[in-house]
Amino acid sequence: MPVSFPISATPSVDVLAKIEEMQSNDVHWRDGRAFAYVYYADSALESLLGEAYLAGASTNGLSRSAFPSLGQMEDEILEMVGDLLGCPDPDGSITSGGSESIFLAVKTARDRASALHPDADSFHIVLPASAHPAFSKAAHFLRLETTRVPVDARTLRADPVLMVEAIRANTVLMVVSAPSYPHGVVDPITELAAEAAFRNILCHVDACVGGMLLPFVGRLGRTVPNFDFSVPGVTSMSVDLHKFGYTAKGASLVLYRDPSIGAYQRFIFDDWSGGKYSAPNLTGTRPGGPIAAAWAGIQYLGLPGYLQLVRRALAATQAILDGIDNIPGLFVLGSPDATLVAFGSAHLSLKGVVEEMSRRGWVMGLQGPPLSIHLTVTASHDRVVDELLSDLRDACRAAVAEPEAMGEVGRYS
Ligand SMILES: *Cc1c(COP(=O)(O)O)cnc(C)c1O
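Residues numbered from 1 in each chain as written. Predicted model: local features only at pLDDT ≥ 70, side-chain atom pairs only at ≥ 80, totals over all residues. Heavy atoms only, no water.

**Q** Which residues make up the overall build of the protein, and what values go with them?
**A** Each helix and strand in the protein was counted, giving twelve helices and 13 strands. Since a compact globule built from 413 residues should have a radius of gyration of about 22 Å, the 22 Å found for the protein is in line with a globular shape. Taken along the three principal axes of its C-alpha coordinates, the protein extends 65 × 65 × 50 Å. Looking at the protein as a whole, 51% of its 413 residues qualify as buried. Residue pairs at least 24 apart in sequence account for 72% of intrachain contacts in the protein once pairs closer than 6 positions are excluded. Here the protein has roughly 19,100 Å² of accessible surface; of this, 56% comes from carbon and sulfur atoms. Across the protein, 31 positive and 45 negative side-chain charges occur, with their mean positions spaced 1 Å apart. (Helix = DSSP H or I, 4+ residues; strand = E, 2+ residues; numbered from the N terminus. Rg over C-alpha atoms; globule rule 2.2 N^0.38 Å. Buried < 20%, exposed > 50% of the residue type's maximum accessible area, 1.4 Å probe, protein only. Contact = heavy atoms within 4.5 Å. Areas by Shrake-Rupley, 256 points an atom, 1.4 Å probe, with all protein chains shown as cover. Lys, Arg positive; Asp, Glu negative; His and termini not counted. Charge placed at Lys NZ, Arg CZ, Asp CG, Glu CD.)

What follows is the structure in structure tokens.
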């Protein structure tokens, strides 16, 4: 039965109680049960983000003159994260999420190419098979052609030879990931950015999941492949704050090394009865809540806070990798560069394993090819590693060995 529009008012306590009731069926993400979708640190940060979010919830970043507070917070976030990523004064903006950041980077590349080559009637992007679907979505919306290039079968990183071979006369953008979502490995960015620069093609580093993770992994003494603006030829990056920035949902960054490239992002329209309209992003109204929460979260955590969160996530990842090694029939794919892990099996039904784990309250994703189970390991998983591995062991015993149909893979619905 569809619900009808409420003909009477409901007291706030009842409304909130109802939300709590509905949420009781959600995955128990505060207890580390979700290995996708959620990045949770602790209740102290959660409260701060909530209060900062509320402080900005009704404000609108579309107008910097009405809301200089949001303008200042946006500028400072761009500068702080740019400082972390080898570009202290980047051009760009805060967006609603990784997909919007990616959409804008693709649109910027297209519009720049279109300005440089006014006669061109088609544009093309080269990306590794592991690059996020948001690039294909953007290319679909913006009518660009794409070539998804197979990754190296052993390392699961972009294959530089095949990537370069895929470049055409109308290629405007090369995409690489730091790291890739499916396998958590960083593509050979130094090599590919140089190839792109040599051909005057833009190079976008998708650091949606890694931009607020890899810099701290490196500072903890682990070797991280070069991936940011310190690499010559990297022209833009996407960095999600609502992932390993651990801030509230609805905050990501698109960054450009050079304002002469970033200038192609903004949309300006002055043939409207409402007056001149100018928007940097895909959205019109820009919610102040996520911006205020992101600014607050970064200030509150600072370098020590992020290092501590990354230390916890790395320790949990190592324990999970060791545990997987010790479960008969499972193996880790590639060598993860950070805290995203994929594991496969030669004979177990991975679909069965995911279902068995789901029955035990864990949310993890089946992906492929190559067929594997994906885990995004965050700080809040450090307390559940033993329980996870013991349940995984049981799930593997319970999952019957059966051949797998690739057609059934997929969890994003
Ligand atoms: C999550 C993610 C995206 C998309 O970000 P959304 O915030 O979900 O839109 C893009 N690229 C990578 C590598 C990601 O992990």
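**Q** A description of the pairing of strand β2 (residues 124-128) should follow, citing residues and the corresponding values.
**A** Burial of β2 is extensive: five of the five residues sit out of reach of the surface. Here β2 shows a buried face lined by H124, V126 and P128 and a second buried face lined by I125 and L127. Between β2 and its parallel partner strand β3 (residues 145-149), the chain crosses via helix α5 (residues 133-142), and the hand of that crossover is right-handed. Summarising the sheet, β2 and strand β4 (residues 171-177) pair through three bridges and their orientation is parallel. (Right-handed = clockwise from strand over helix to strand, strands pointing away. Pairing = 2+ DSSP bridges.)

**Q** Could you give an account of the site of the ligand, naming the residues involved and the relevant values?
**A** Close to the ligand lie G97, G98, S99, I102, H132, Y181, D206, C208, V209, D240, H242 and K243, which account for all nearby residues. Between the ligand and S99 there is a distance of 2.6 Å, counted from an oxygen atom to a side-chain nitrogen or oxygen. In isolation the ligand offers 380 Å² of accessible surface; the protein chains occlude 85% of this area. For the shell around the ligand, the element with the highest residue contribution is helix α4 (residues 98-116), accounting for three residues. Partitioning the shell around the ligand into residue classes produces four nonpolar, five polar and three charged. (Near = heavy atom within 4 Å. Polar contact = N/O pair within 3.5 Å; in protein donor to acceptor, adjacent residues only side chain to side chain. Nonpolar A, V, L, I, M, F, W, Y, C, P; charged D, E, K, R; others polar.)

**Q** Tell me about the sheet that holds strand β6 (residues 236-240), residues and numbers included.
**A** The seven strands are arranged β1-β7-β6-β5-β4-β2-β3 in an open sheet whose pairing can be described as mixed. Sheet topology places β1 (91-95) and β3 at the edges, where each strand pairs with a single neighbour. On average, each strand axis in the sheet is inclined to that of its neighbour by 15°, with strand direction left out of account. Bridge count for strand β5 (residues 202-206) against β6 is three bridges, and the pairing is parallel. (Axes fitted to C-alpha atoms, helices over the stretch in contact; angles between N-to-C directions.)

**Q** Just give me the short version of helix α12 (residues 385-398), but keep the residues and values in it.
**A** Because an α-helix completes one turn every 3.6 residues, residues spaced three or four positions apart along the sequence face the same direction. Here α12 contains 14 residues, and its C-alpha end-to-end distance of 20 Å stays within 8% of the 20 Å for a straight helix at 1.5 Å per residue. For α12, every residue scored as buried is listed here: V385, L388, L389, D391, L392, A395 and C396. Along α12, the residues classed as buried sweep out an arc of 165° about the axis, all on the same side. Seen from the open side of α12, the exposed residues pointing more than 90 degrees away from its buried face are D386 and R397. (Expected span 1.5 Å × (residues − 1). Arc of directions from axis to C-beta.)

**Q** For a nonpolar patch on the surface, give the residues involved together with the corresponding values.
**A** Residues V15, L16, I19 and M22 make up a contiguous nonpolar surface patch of roughly 360 Å² in combined accessible area. Here L16 is to be found in helix α1 (residues 12-23). (Patch = residues over 30% accessible without salt bridge, like charges linked within 9 Å, V, L, I, M, F, W, Y side chains within 5 Å. Salt bridge = Lys/Arg side-chain N within 4 Å of Asp/Glu carboxyl O.)

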